[in-house]
Amino acid sequence: MKIEFRNVTFYYKKSEVVLDNLSFTIEDGTMTAIIGHNGSGKSTIAKLIIGLLEPVSGEIYLNDELLTIDNLDEMRAKMGIIFQNPDNQFVGSTVKDDIAFGLENRLIEREEMIRRIEKYSRLVNMEEYLEKNPENLSGGQKQRVAIAGVLAMESDLIIFDESTSMLDPKGTKEINKTIKSLKNMNNGKTIISITHELEEALYADRILVLNGGKIVLDGSPSDVLPKKDILEASGLKVIDGLSLIEDLKKIDFESKDVILEAIWESIFTM
Amino acid sequence: MNNLAFGQYYHTNSVIHRMDPRTKILSSLLFMIGLFIIPKNNFLFMGIFALFMVITILLTKVPLKKFLKSIKFVTYLLLFSFVFQVLFNSEGELLLTINHNLTLVNVGICLVVLICLFLLRKKIPLFFILFLVVLVLGVKFLEYPVYGNVLLNYDIKVYTGGVITGAFVISRVLILIISSAVLTLTTKPTDLNNGLEALLKPFGKKTSILAMMISIALRFIPTLFLETEKILKAQASRGVDFNEGKLKDKIGQIVSLLVPMFIISFKRAADLADAMEARGYVPGEKRTKLVKMNFTLKDVIYLLSIILIITIVIIYRVI
Ligand SMILES: Nc1ncnc2c1ncn2[C@@H]1O[C@H](COP(=O)(O)OP(=O)(O)OP(=O)(O)O)[C@@H](O)[C@H]1O
Ligand SMILES: [Mg+2]
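Every value quoted in this text rests on a predicted model; they were computed, and no experiment measured them. (Residues numbered from 1 in each chain as written. Chains lettered and ligands numbered in written order. Predicted model: local features only at pLDDT ≥ 70, side-chain atom pairs only at ≥ 80, totals over all residues. Heavy atoms only, no water.)

1. Description of the nonpolar core
Residues and elements named next belong to chain A.
Link 1 in the chain: Grouped together as the largest cluster of nonpolar side chains are 45 residues, with contacts concentrated most on Ile 35, Ile 99, Ile 147, Phe 160, Ile 207, Val 209 and Leu 231.
Link 2 in the chain: Of all elements in the fold, only β3 (31-36), α3 (95-105), α4 (110-123), α5 (139-152), β7 (157-161), α6 (169-184) and β9 (206-211) reach the threshold of two or more residues within this core.
Link 3 in the chain: Counting residues per element, this core draws most heavily on α5, at seven residues.
Link 4 in the chain: Ignoring anything within four residues of it in the chain, the contact list for Ile 35 reads Lys 42, Thr 195, Leu 198, Ala 201, Ile 207, Leu 208, Val 209, Leu 210, Leu 231 and Leu 236.
Link 5 in the chain: Core analysis: the second largest hydrophobic core is formed by 33 residues, Leu 19, Met 75, Ile 81 and Ile 192 among them. (Core = buried A, V, L, I, M, F, W, Y, C linked by side-chain atoms within 4.5 Å. Buried < 20%, exposed > 50% of the residue type's maximum accessible area, 1.4 Å probe, protein only. Helix = DSSP H or I, 4+ residues; strand = E, 2+ residues; numbered from the N terminus. Contact = heavy atoms within 4.5 Å.)

Okay, structure coming up:
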C-alpha cells in the first residue's frame, strides 16, 4: 500500500505541535523504519495512517486515494497495527478467539476463519498455543499472537508501533525475527516499523528520522546510520557497531555492501 | 495474587464447561431468582437448592477451593446478620436466657482477650473459628460476676425464631455467593459474550455492546489485579506498609494506590479501544462468530431441572 502524507500538521494541544507540516511518501511493498526519541510523534503518525486520529491540516493519501471518514472503514480493512503494550490489545480469552476477533468484525465465514487461524498461527510459531489463554503467555508470545491477528486479516500494510519495547531481550529477538521473515517473504506487503532503537531499523529499506515534528533524515540505512551527529541531536542512542560501519564506508571495494549486511546482521542478532 | 481474582475462568473439561453459555447464563439467573422466592424458613426447599448447587459444583470438576474463596469476604457480614437475628428476633419459643452480670473485671478480661486475638490474627491459622469459640465462651463468661460490684445486669433472650431465621438468611447468602461463581469459573469471557449477545438480541441491536463490555471487563479483572500487586510491591519496597500506621497515613497510602490504578486503567482502556477499532470493531455492527453455540440434550436436562425446581417452589407458594 502506498502512503502519502501531504503537509500534515497535527497537535493534541495547540501549544504543542506534534507533527509540523510533514510530507513524505512510502512506496508500496517496501519496509520503512520510522525512528525518533520518546514523544517525537511516531505513534501519532501510525494513528493518523490507521485513521484513529485525523490531521489538523493536510491530507493523507492511501493508494493515491484521499483518506476520509467515508472510506475509512474500507481503507482500514487493508491495514493492521501491532501496538506497544501486548497486554492492552488482546480481546479474546484464548489465542484462537483473539486471532478470530478481527476476522469476526470483517464478517469472514467460519470455515475461512478456521483456515486462516491455522495458517497464520503456524507462521508465527504459535500453533501449539491456540487453546491457551493469552494472559498466561510471555510478552513475545503475546505479540506474536497480535501479529497473527493482523496477518489473518490479510491486509496490505502492517505497522509495528514499538512492538518490542516492552519485551525482554528474548521476546525482542522473537519479534524482530518474525518481522524480518515477513520482510523476506517478499509478498508485496508494506511494512512500517516504528522504533526508538536504531538496531531495529537496520534491515529496513528506508529510515525516516523524526525530530521536532519534522523529518530530519531520510534514506537507506547505510545513508542514515553514519550521520551520528544528527542522530544524536535527535535524541537517539548511536550503537557501537556503527562506528565500524562508518569506517568501512570509507573503504571503497566491491563487497562493501555484503560486509555491511553481515555486520548489521551480527548487531541485530547479538 | 491469583487468589484475589476469584471466579475467574478455570480451564478444565467438564460437562458444565461444555454446556452452551446461554444455558449457563439463564440457569444462573433462574437459580438466583429461585433462591429469593423460597418461602421464609423453608429449609426443605433451601436443601433442594443446596443439593442442586453441590451436584453442579461436582460436575464442574473445578476444585472446591475456588468456589469457597469468595466466602472469605462475607464471613463477618454473615456473622453479624446471624447475631442480629438472634438478638432481636423474638418469634417462636424462648430457647434460652442469658443473664449477664457485668463487672469491671469480667468486661476487662473479655476486652483484653479480644484485643490480643485481633493483634495476633495474622499469626493464627483458622482465626475465624477460634474467634467464634472465643465469642461463645465470652458470652457465657459474662454471666459470672467476677470480683467487685455488678455494674450492669441484663437478660438476653434467645428465641427459636431468631436462630432459625438467622440460619436461613445465612444459608441463602452462602448458596447465592458460592453458586454465582459457577458461571464465570466455567465459561470463557468470549463465550460469555456470545451467550449474552444471543440472549439480549431480542431487546435490541445495541445490546451486543453491553455483552462486549461485560466480557471485556471480565477479561481485564486479572490484569488489573496483577497491576495492583505490582504497585503494592513497588510501594512496599519504598517502605510503605499498608497494614500499619495511623488512619491519616493509611488514607495517604490508599490514595497513592488508587491514583496510579486509575491512570493505568484509563491508559489501558484507551489502548484497547484503539486496538479494537484498528481491528475493525464497530460497536453494534453485525459480526460473524468463530465459536458455534450448540444447545444439546445436556442443556435441555440442566435447564429443565432448574425450571422444575422453581415451578415447585412457585406452586407451593401459590397454594
Ligand atoms: N492522547 C494524547 N493527548 C495529549 N497529548 C498526547 C496524546 N498522545 C500523545 N500526546 C503527546 O504527543 C506527543 C507525541 O506522542 P507520540 O505518542 O506520538 O510519541 P512517540 O514518538 O510515539 O513516543 P513513544 O516513543 O513514547 O511512544 C508527545 O509529546 C505526547 O506527550
Ligand atoms: Mg509511541
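2. A closer look at the packing of helix α9 (residues 189-200) of chain B against helix α10 (residues 207-237) of chain B
Residue and element names in this part refer to chain B.
Link 1 in the chain: As a packed pair, α9 and α10 sit with axes 8 Å apart at the nearest point and diverge in direction by 160 degrees. Taken as axis vectors, α9 and α10 run roughly antiparallel relative to one another. Here α9 and α10 pass one another in a crossing that is right-handed. From α9, Pro 189, Leu 192, Asn 193, Leu 196, Glu 197 and Leu 200 reach across to α10, where they touch Thr 207, Ser 208, Leu 210, Ala 211, Met 212, Ile 214, Ser 215, Leu 218 and Arg 219.
Link 2 in the chain: Here the contact of α9 with α10 is built from residues that sort into nine nonpolar, four polar and two charged. (Axes fitted to C-alpha atoms, helices over the stretch in contact; angles between N-to-C directions. Parallel < 35°, antiparallel > 145°, perpendicular 65-115°, else oblique. Left-handed = near helix turned anticlockwise from the far one by under 90°. Nonpolar A, V, L, I, M, F, W, Y, C, P; charged D, E, K, R; others polar.)

3. Looking at the sheet that holds strand β5 (residues 65-66) of chain A
Residues and elements named next belong to chain A.
Link 1 in the chain: With antiparallel pairing, four strands are arranged side by side in an open sheet as β2-β1-β4-β5. Only two strands of the sheet have a single partner each, and these edge strands are β2 (16-26) and β5.
Link 2 in the chain: Here seven bridges tie strand β1 (residues 3-13) to β2, and the two strands are oriented antiparallel to one another. Counterpart to Glu 4 in the pairing with β2 is Thr 25.
Link 3 in the chain: Contacting β1, β2 and β4 (57-62), helix α1 (residues 42-49) crosses the sheet at an angle of about 120 degrees to β1. (Pairing = 2+ DSSP bridges.)

4. Observations regarding the pairing of strand β6 (residues 79-82) of chain A
All names here are of chain A.
Link 1 in the chain: Neither face of β6 is exposed, since Met 79 and Ile 81 on one face and Gly 80 and Ile 82 on the opposite face are all buried.
Link 2 in the chain: Note: β6 against β7, four bridges, orientation parallel. Note that in β7 the partner of Ile 81 across the bridge is Ile 159.

5. Examining the site of ligand 1
Residues and elements named next belong to chain A.
Link 1 in the chain: Tyr 12, Val 18, His 37, Asn 38, Gly 39, Ser 40, Gly 41, Lys 42, Ser 43, Thr 44, Glu 162 and His 196 make up every residue found near ligand 1.
Link 2 in the chain: Within the backbone of Ser 40, one N or O atom sits 3.2 Å away from an oxygen atom of ligand 1.
Link 3 in the chain: Residue Thr 44 places a side-chain N or O atom 2.5 Å away from an oxygen atom belonging to ligand 1.
Link 4 in the chain: Look at ligand 1: alone it shows 630 Å² of surface, and the protein chains cover 60% of it.
Link 5 in the chain: Considering each element in turn, the shell around ligand 1 owes the most residues, three residues, to α1.
Link 6 in the chain: When grouped by side-chain class, the residues that make up the shell around ligand 1 number two nonpolar, eight polar and two charged. (Near = heavy atom within 4 Å. Polar contact = N/O pair within 3.5 Å; in protein donor to acceptor, adjacent residues only side chain to side chain. Areas by Shrake-Rupley, 256 points an atom, 1.4 Å probe, with all protein chains shown as cover.)

6. So, the sheet that holds β9 of chain A
Residue and element names in this part refer to chain A.
Link 1 in the chain: Pairing within the open sheet is mixed, and its six strands lie in the order β6-β7-β8-β3-β9-β10. The open sheet terminates on both sides in strands that have one partner only, identified here as β6 and β10 (214-219). Averaged over all neighbouring strand pairs, the angle between strand axes comes to 15 degrees, with direction disregarded.
Link 2 in the chain: Pairing of β3 with β9, which is carried by five bridges, proceeds in the parallel orientation. Each residue of the ladder has a partner; that of Ala 33, found in β9, is Ile 207.
Link 3 in the chain: Its contacts with the sheet place α5 against β6 and β7, and it is angled at close to 175 degrees to β6.

7. Regarding the interface of chain B and chain A
Link 1 in the chain: Residue-level contacts link 30 residues of chain B with 38 residues of chain A.
Link 2 in the chain: Across the chain B-chain A interface, the total number found is five salt bridges.
Link 3 in the chain: Here Lys 47 of chain A makes a salt bridge to Asp 274 of chain B, at a shortest N to O gap of 3.4 Å.
Link 4 in the chain: Here chain B and chain A share 17 residue pairs in polar contact (both at pLDDT 80 or more) between them. (Salt bridge = Lys/Arg side-chain N within 4 Å of Asp/Glu carboxyl O.)

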